[in-house]
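# Coordinate analysis (summary)
One letter stands for each residue in the lines below.
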Amino acid sequence: MPLILIILLGYFLKQKGFLSKEFLKIGNKLVFRVCLPVMLFCNISELENISQIPWKAVLYVLCVIVILVIIGLIIAMLTPDVNQKGVMMQCIFRSNFALIGVPLAELLYGSAGVSAAAILSAFTIPIYNVLAVIVLTGFKGGAESSSLKKQITGIVHNPLIIGVVSGIVVLVLKMKVSAYLSQNLTESFRFLKTTLHYISRSATPLSLLVLGGQFEFSKVKGYKKQLIVGTLGRTVIAPAIGLGIAAILTKTEVIVFEPAIFAALISLFATPVAVASAIMAEEMDNDGQLAAQLVVWTSLVSVFTLFGFIFFARLLGLL
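Just so we're clear, the structure is a prediction, and the values are computed from it rather than from any experiment. (Residues numbered from 1 in each chain as written. Predicted model: local features only at pLDDT ≥ 70, side-chain atom pairs only at ≥ 80, totals over all residues. Heavy atoms only, no water.)

A few words on the packing of aromatic side chains. Enumeration over the complete set of coordinates arrives at five aromatic pairs. Ring centres 5.6 Å apart and planes at 75 degrees place the aromatic pair Trp 55 and Phe 123 in the edge-to-face group. Within this pair, whereas Trp 55 is found in helix H3 (residues 55–77), its partner Phe 123 is found in helix H5 (residues 97–138), the two being separated by 68 residues in sequence. Centre to centre, the rings of Tyr 60 and Phe 257 are 5.1 Å apart; their planes meet at 50 degrees, and the pair counts as tilted. Highlighted residues: Tyr 60 in helix H3 and Phe 257 in the loop between helix H11 (224–251) and helix H12 (259–269), separated in sequence by 197 residues. (Phe/Tyr/Trp six-rings, centres within 6.5 Å; stacked < 30°, edge-to-face > 60°. Helix = DSSP H or I, 4+ residues; strand = E, 2+ residues; numbered from the N terminus.)

The next subject is a nonpolar patch on the surface. On the surface, Met 1, Leu 5, Leu 8, Val 303 and Phe 304 cluster together into a nonpolar patch covering about 530 Å² of accessible area. In this structure, Leu 5 sits in helix H1 (residues 2–15). On the basis of relative accessibility, which here comes to 51%, the residue Leu 5 falls in the exposed class. (Patch = residues over 30% accessible without salt bridge, like charges linked within 9 Å, V, L, I, M, F, W, Y side chains within 5 Å. Areas by Shrake-Rupley, 256 points an atom, 1.4 Å probe, with all protein chains shown as cover. Salt bridge = Lys/Arg side-chain N within 4 Å of Asp/Glu carboxyl O. Buried < 20%, exposed > 50% of the residue type's maximum accessible area, 1.4 Å probe, protein only.)

Next up on the list: the packing of helix H2 (residues 21–45) against helix H10 (residues 190–214). Helix packing geometry: the angle between the two helix axes and the distance between the axes. In contact at an axis separation of 8 Å, H2 and H10 are set at 145 degrees when each is read in the N-to-C sense. Crossing of H2 against H10: the hand is left-handed. Here Leu 24, Gly 27, Asn 28, Leu 30, Val 31, Val 34, Cys 35, Leu 36, Val 38, Met 39, Phe 41 and Cys 42 of H2 lie close against H10, whose contacting residues are Leu 196, His 197, Ile 199, Ser 200, Ser 202, Ala 203, Leu 206, Ser 207, Val 210, Gly 213 and Gln 214. Of the residues belonging to the contact of H2 with H10, the class tally is 15 nonpolar, eight polar and no charged. (Axes fitted to C-alpha atoms, helices over the stretch in contact; angles between N-to-C directions. Left-handed = near helix turned anticlockwise from the far one by under 90°. Contact = heavy atoms within 4.5 Å. Nonpolar A, V, L, I, M, F, W, Y, C, P; charged D, E, K, R; others polar.)

For the rest of this paragraph, the subject is the nonpolar core. Within the largest apolar cluster, 94 residues are counted, with the highest numbers of intra-cluster contacts made by Phe 257, Phe 262, Leu 265, Ile 266 and Phe 269. Here the element with the most residues in this core is H5; it accounts for 17 residues. For Leu 265, the contacting residues outside a window of four places in its chain are Tyr 60, Val 61, Leu 120, Leu 243, Ala 246, Phe 257 and Ala 270. (Core = buried A, V, L, I, M, F, W, Y, C linked by side-chain atoms within 4.5 Å.)

Glancing now at the confidence of the model for the chain. Residues with a pLDDT of 70 or more make up 89% of the chain, whose mean pLDDT is 83. Between the elements of the chain, mean pLDDT differs from a low of 43, seen in helix H6 (residues 143–146), to a high of 95, seen in H11. Note on residues 142–146: pLDDT is under 50 here. Beyond four places in sequence and across chains, it has eight contacts. (pLDDT = per-residue confidence, 0-100.)

Here we come to the packing of H3 against H11. Remark: H3 packs on H11, axes separated minimally by 11 Å, with the N-to-C direction vectors making an angle of 150 degrees. In terms of orientation, H3 and H11 fall into the roughly antiparallel class. The two elements H3 and H11 meet at a crossing, and its hand is right-handed. Taking contact as the criterion, the partners of Tyr 60, Val 64, Ile 67, Leu 68, Ile 71 and Ile 75 in H3 are, on H11, Val 229, Ala 238, Ile 241, Gly 242, Leu 243, Ile 245, Ala 246 and Leu 249. Here the contact of H3 with H11 is built from residues that sort into 13 nonpolar, one polar and no charged. (Parallel < 35°, antiparallel > 145°, perpendicular 65-115°, else oblique.)

Okay, unusual backbone geometry next. One non-glycine residue, Glu 253, lies in positive phi territory at about 60 degrees. Of note, the phi angle at Asp 285 is positive, near 60 degrees, even though the residue is not glycine. Checked against the element boundaries, Asp 285 lands in the loop between helix H13 (275–283) and helix H14 (288–315).

Its relative accessible area of 57% is what places Asp 285 among the exposed residues. Spatially, the C-alpha atom of Asp 285 lies 8.9 Å from that of Thr 137, the residues being 148 residues apart in sequence.

This part takes up helix H8 (residues 159–176). Look at H8: 26 Å from first C-alpha to last across 18 residues, which is about the 26 Å you get at 1.5 Å a residue. Of all the residues in H8, the buried ones are Pro 159, Leu 160, Ile 161, Gly 163, Val 164, Gly 167 and Leu 171. (Expected span 1.5 Å × (residues − 1).)

For Glu 282, the position within the fold is in helix H13. Glu 282 gets classed as partly exposed once you look at its relative accessible area, which sits at 40%. The spatial distance from the C-alpha of Glu 282 to the C-alpha of Lys 25 is 9.5 Å, given a sequence separation of 257 residues. The residues contacting Glu 282, other than those within four sequence positions of it, are Asn 28, Gly 288 and Gln 289.

Following the sequence through the fold, Gly 86 ends up in helix H4 (residues 82–93). Separated by 205 residues in sequence, Gly 86 and Ala 291 place their C-alpha atoms 9.6 Å apart. Those residues in contact with Gly 86 that lie beyond four places of it in its chain are Val 135, Leu 136 and Phe 139.

With that settled, consider the side chain of Ser 200. Secondary-structure assignment places Ser 200 in helix H10. Ser 200 sits in the buried class, given a relative accessible area of 11%.

Moving on, we come to H11. Taking 1.5 Å as the rise per residue, H11 with 28 residues should run 40 Å; its terminal C-alpha atoms sit 38 Å apart, in good agreement. A maximum bend of about 40 degrees is found in H11 at Gly 233. Immediately beyond the C-terminal end of H11, within one or two residues, lies Glu 253, with a positive phi of roughly 60 degrees. (Bend = angle between axes of the 7 residues up to and from the residue.)

Take a look at the structure:
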């Protein structure tokens, strides 16, 4: 509900003329190029206990993402509009793990859930963003836009990728220096850490306000088929695959996922499509309006589907 209410506030302010088109355009760039990269940097650079990574869970998540990418590719190939292919594909595999996942994992299983979600985010967020850049550039018409060189350039220069890579570099440096030195460095640069946290916290509300301001209900009819396919794929099919297989593996004791890990899996696979997907689509000249519609509708539907998946997970003793 907090997500929906902030989106609705952005829509209301736009209708009242409080948010101009120019403000929304600049706000879109601000979120994509500053706020989200800083948030990703903070999430990854502050990870702890990296040596206790649950590799079985990580490998499982990567395998499921591959399955979802294949499903998304099939849907993209069946989508006639070239500007919508990448948008539809990323809707299937890319969840809102960065903005919603970690807080949801905390609500489901406390600090252990947060720890599990943070560890998985170090692997999934870079993968999500790299794949998003590839699909949003790869389907654009012509050999020039789909060339390997242009895709690599887009990945290297993408602000979200820069934020993730910077976070990983800082994390590795923290692991290399002694605990004492690391503590001293943290204390010396506390002002910088606080500044980054302020910027990081603005990412979610600002991105949702901008998204609400860009939303147009009049465009829904033109996207009816795409919205049905994308929303069902993101909120029903993706979590059914990711959580269903995990439940079977746990119950048959082939691979046992602890409750904290399962809470992180719910946060990863059952959340709506990432807010950043709409911002990236707009910035990379794809169908930004369709991407924005998918964010809103998957968020609305996930209010009910998330409840259902969490309910059944508790019923089966997985949480």
